[in-house]
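# Reading the structure
Here is what each chain is made of, one letter per residue.
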Amino acid sequence: MINLSAISKSYRQGNDDYQVLHDINLNIQAGEFVAIMGPSGSGKSTLINIIGFLDQHFDGNYMFNNVKVSDLKRKQHAQLRNQSVGFIFQNFKLITNQSVGENVGLPLLYAGMKRRDIVSRVTEVLTQVGLPDSYKKLPKNLSGGQQQRVAIARAIVTAPNFLVADEPTGALDSATSAEIMALFKNLNDRGTTVIMVTHDEQVARQTNRLIKILDGRIQSDEEVRHANT
Amino acid sequence: MQTRELFVSAFRSLLSNKRRSILTMIGIIIGIASVITILALGDGARVAMMKNLQASTSGEQSTEINFSPKGENIIAGFKDDDLNRIRENKQVTKAKIQSDDQGMLSARGSVNGKNISPAIYLSQSTNDDHLVTGHGISKQDVLVSNPVALVSQSIAKKGYKTTSNAINAGIEINGTTYTIVGIISNDASRGSYNTYNVVVPRQVFEANNADVSANTLKLTFVAGANVSKETQKIADQLNSSGSQHNAGSYDFFDMAAMLKGVSTVIKGITYFIVAVASISLFIAGIGVMNMMYIAVSERTQEIGIRMAVGASQKQILWQFLIEAVMLTLSGGMIGYLAGLGVAMGVSAFLPFKASVSISTFLLAFGTSTIVGLVFGILPAKTASNKNLIDILR
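Keep in mind the model is a prediction, meaning the values are calculated, not measured.

All right, on to the overall build of chain B then. Within chain B, the regular secondary structure consists of 14 helices and 15 strands. The principal-axis extents of the C-alpha atoms in chain B amount to approximately 110 × 50 × 30 Å. Counting across all 393 residues of chain B, residues that qualify as buried make up 47%. When contacts within chain B are restricted to residue pairs at least 6 apart in sequence, those whose partners lie at least 24 apart make up 77%. With the model as given, the accessible surface of chain B reaches about 19,500 Å², and the carbon-plus-sulfur share is 59%.

Here it is as structure tokens:
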């Protein structure tokens, strides 16, 4: 599904070019559960921004379902973000003055769905992430774990090809982290591709494939052996 | 995204910042309200003037040509030949000789040997308006054409010292003697302008003064005719070949041209004041721009989230643009109503009514939309051009 070849990316800092990514080659198939690990500044966030169509300025070739992403226009990128990928951020990124239901329904609004259809779909997704009856609540009245569930609901509401999660458990305590990870696992079992960035080994160990990045280069790419298999 | 949703979300974000929205709107309200007030009053003044052009409800307009004989001669200025020639003009629907449209005219006469030049009201039927003593012109007087007259207190006193002496005494007007049957007050008037001091029955007066009274020609024109030009043409023609062109002159006092001139001046003044008032609209527009810039920087996160879940740049641009237009448009509509209210209130103390036309509504609607678009486009552009990666970091 995702096919990266020779991806490089550099920022300009003053007069110097600072290269974040060096010649990344990566293949991710549909249905995988991938963790990308690395220390701060290793370029892991930059990488998933490229994978998630947030960043269009890079060198190299990114094929998504056999479409060359760099050939697409900005409007088509917006469409890809809307239809093909779901984002989950470390600090949830919910719109604070809108209700939970409206936050979750936002991608559907941009997809052009009717309000009535949106409400039924949002209710369905909220139940799926374990938050029924919170359509009308405001995000600030929910705990961190619940807010992250809302964010996950928003990410999966359009039934995208894959989810991109940037440190989804970074702002949560370990018990809540476990709940969220269980939710991801559950989603993955139902066929959703999940790509997450983390620097927590514990979290990364629960995925099926672990990619380690250091200084913009892939250091290792291996399957995770689970204790019970 | 459906267009309706854009409006709904714009409306809600305005509501979520009520105080700021209202404060920004006040500028627009004041601007639009003052423009509408001035336009409504200026238009009202103009309409009141144009009404004096005597356009009838069907759009017909009428003018008058007067014949004034040279010297003291009393001659009828209009003969059948003249009328027939005028009636050949396709623009003229009616050509009628009459003494005076209002039934008011001034004459020469004497009372008890003293010369007077009274303003005379020719009464068509019975009349006892402004009567002080005696009795008015009765049905009987009209029926048998009795030469009776009502005179003002001052004329009565001038001729006969007291009003009671004047009753049943005589008054001579244009050579005819009338019997004074009643005394009217000195401020007797028709309408608010036409004061008069003698009333006589019209039939009696016209029977005795046919020549004098027949010197006004009333012309009625078809709708849309250029009445000033046509009437001037007829007057010129009468002056060169009319039946009495050697004995006097045919004059046309062009009321229409004068009123048109005045209304042009009123229009000019109105537009000038409107231009001054629109400066406040400009300032209000800058206020809108300022508020939109603040809103954009406050809601950077929201913009980022919306873009991350699939909003295109265009949709973000429209969201903020619609917000700005909605703000100015609702301000404009409130200002329109306020302006009408003020204009109505002010016109209660003025001799004319404020005029409400669909064009002023469209003006308020259009202006406030344009202000919203012009001053909203830059902040909206800023919002839509934000770099997604920078926002979400």
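Residues and elements named next belong to chain A. Spatially, E2-E1-E4-E5 is the arrangement adopted by the 4 strands of the open sheet, whose pairing is antiparallel. The sheet is open, and its two borders are formed by strand E2 (16–28) and strand E5 (67–68), each paired with just one other strand. Bridge count between strand E1 (residues 2–13) and strand E4 (residues 59–64): 5 bridges; the pairing is antiparallel. When the sheet's bridge partners are listed, asparagine 3 is paired in E4 with methionine 63.

Quick look at the interface of chain B and chain A now. Between chain B and chain A, the residue contacts involve 24 residues of the former and 26 residues of the latter. Carbon and sulfur atoms make up 56% of the area that chain B and chain A hide from each other, which totals about 2,300 Å². Between glutamate 102 of chain A and arginine 12 of chain B there is a salt bridge, and its shortest N-O distance comes to 2.1 Å. Linking chain B with chain A are 7 residue pairs in polar contact (both at pLDDT 80 or more). Elements supplying a minimum of two residues to the side of chain B that touches chain A: helix H1 (3–15), helix H11 (300–308), helix H12 (313–347) and helix H14 (388–392) of chain B. In terms of residues, the side of chain B that touches chain A owes the most to one element, H11 of chain B, which gives 6 residues. Within the side of chain B that touches chain A, the residues separate by chemical class into 10 nonpolar, 8 polar and 6 charged.

On to the packing of helix H3 (residues 100–110) of chain A against helix H4 (residues 115–128) of chain A, then. Residue and element names in this part refer to chain A. At a closest axis distance of 9 Å, the pairing of H3 and H4 adopts a crossing angle of 120°. The angle between H3 and H4 places the two elements in the oblique class. Every pair of crossing elements has a handedness; the one defined by H3 and H4 is right-handed. Of the residues in H4, those in contact with Val100, Gly101, Val104, Gly105, Leu108 and Leu109 of H3 are Ile118, Arg121, Val122 and Leu126. Class assignment for the residues of the contact of H3 with H4 results in 7 nonpolar, 2 polar and 1 charged.

Moving on: the layout of surface pockets. In this structure, the second largest pocket spans a volume of roughly 580 Å³. Every residue lining the second largest pocket is counted, 25 residues in all, and those nearest its centre are Ser45, Thr46, Asn49 and Asp166 of chain A together with Arg393 of chain B. Listed by contribution, the elements that provide at least two residues to the lining of the second largest pocket are helix H1 (44–51) of chain A together with H14 of chain B. When residues in the lining of the second largest pocket are grouped by element, the largest group, 5 residues, is from H1 of chain A. Residues that form the lining of the second largest pocket fall into these classes: 10 nonpolar, 10 polar and 5 charged.

Residue and element names in this part refer to chain A. The mixed open sheet is built from 6 strands, whose spatial order is E6-E7-E8-E3-E9-E10. One side of each edge strand has no neighbouring strand; the edge strands of this open sheet are strand E6 (85–88) and strand E10 (217–223). The mean angle between the axes of side-by-side strands here comes to 15°, regardless of whether they run parallel or antiparallel. In this sheet, strand E9 (residues 209–214) lies alongside strand E3 (residues 33–37) in parallel orientation, the contact comprising 4 bridges. Within E9, the residue paired with valine 34 across the bridge is arginine 209.

Counting 112 residues, the largest nonpolar core has Ile2, Tyr62, Phe162 and Phe184 of chain A as the members making the most contacts within it. It is H12 of chain B that provides the largest number of residues to this core, a total of 10 residues. Apart from residues lying up to four places away in sequence, phenylalanine 184 of chain A is in contact with Phe33, Ile88, Ile152, Leu163, Ala165, Pro168, Val194 and Met196 of chain A. Core analysis: the second largest hydrophobic core is formed by 22 residues, Ala107, Tyr160, Ile171 and Val200 of chain B among them.

The subject of this paragraph is the environment of glutamine 202 of chain A. All names here are of chain A. Residue placement: glutamine 202 occurs in helix H7 (residues 201–204). On the basis of relative accessible area, glutamine 202 is assigned to the exposed category, the value being 60%. With 28 residues separating them in the primary sequence, glutamine 202 and serine 174 have C-alpha atoms 9.9 Å apart.

Another point: the environment of serine 21 of chain B. All names here are of chain B. Here serine 21 shows up in helix H2 (residues 18–51). Serine 21 sits 270 residues away from methionine 291 along the chain, and the two C-alpha atoms are 8.2 Å apart. Filtering out sequence-adjacent residues up to four positions away, serine 21 remains in contact with Leu14, Met291 and Leu327.

So, on to a nonpolar patch on the surface. Together, Val265, Ile269, Phe272, Ile273, Val276, Ile279, Phe282, Ile283 and Ile286 of chain B give the surface a local cluster of nonpolar side chains, amounting to about 870 Å² of exposed area. Summarising the element assignment, isoleucine 286 of chain B is placed in helix H10 (residues 255–298).

Before going further, it helps to examine helix H5 (residues 144–156) of chain A. Two residues of an α-helix separated by three or four positions point the same way, owing to the 3.6 residues in each turn. Here H5 of chain A spans 19 Å end to end across 13 residues, near enough to the 18 Å set by a 1.5 Å rise per residue. Contacts from the buried residues of H5 of chain A go to E6, H3, H4, strand E7 (162–166) and helix H6 (174–189) of chain A together with H11 of chain B.

What counts, and at which threshold
Residues numbered from 1 in each chain as written. Chains lettered and ligands numbered in written order. Predicted model: local features only at pLDDT ≥ 70, side-chain atom pairs only at ≥ 80, totals over all residues. Heavy atoms only, no water. Helix = DSSP H or I, 4+ residues; strand = E, 2+ residues; numbered from the N terminus. Buried < 20%, exposed > 50% of the residue type's maximum accessible area, 1.4 Å probe, protein only. Contact = heavy atoms within 4.5 Å. Areas by Shrake-Rupley, 256 points an atom, 1.4 Å probe, with all protein chains shown as cover. Pairing = 2+ DSSP bridges. Buried area = accessible area lost by both parts, 1.4 Å probe. Salt bridge = Lys/Arg side-chain N within 4 Å of Asp/Glu carboxyl O. Polar contact = N/O pair within 3.5 Å; in protein donor to acceptor, adjacent residues only side chain to side chain. Nonpolar A, V, L, I, M, F, W, Y, C, P; charged D, E, K, R; others polar. Axes fitted to C-alpha atoms, helices over the stretch in contact; angles between N-to-C directions. Parallel < 35°, antiparallel > 145°, perpendicular 65-115°, else oblique. Left-handed = near helix turned anticlockwise from the far one by under 90°. 1 Å grid on protein atoms, 1.4 Å probe; cavity = no way out; pocket = protein on both sides within 12 Å on 5 of 7 lines; lining within 4 Å. Points joined across faces, edges and corners; volume = space filled by probe spheres on them. Core = buried A, V, L, I, M, F, W, Y, C linked by side-chain atoms within 4.5 Å. Patch = residues over 30% accessible without salt bridge, like charges linked within 9 Å, V, L, I, M, F, W, Y side chains within 5 Å. Expected span 1.5 Å × (residues − 1).

Functional significance is not addressed by these values, which are geometric in nature.
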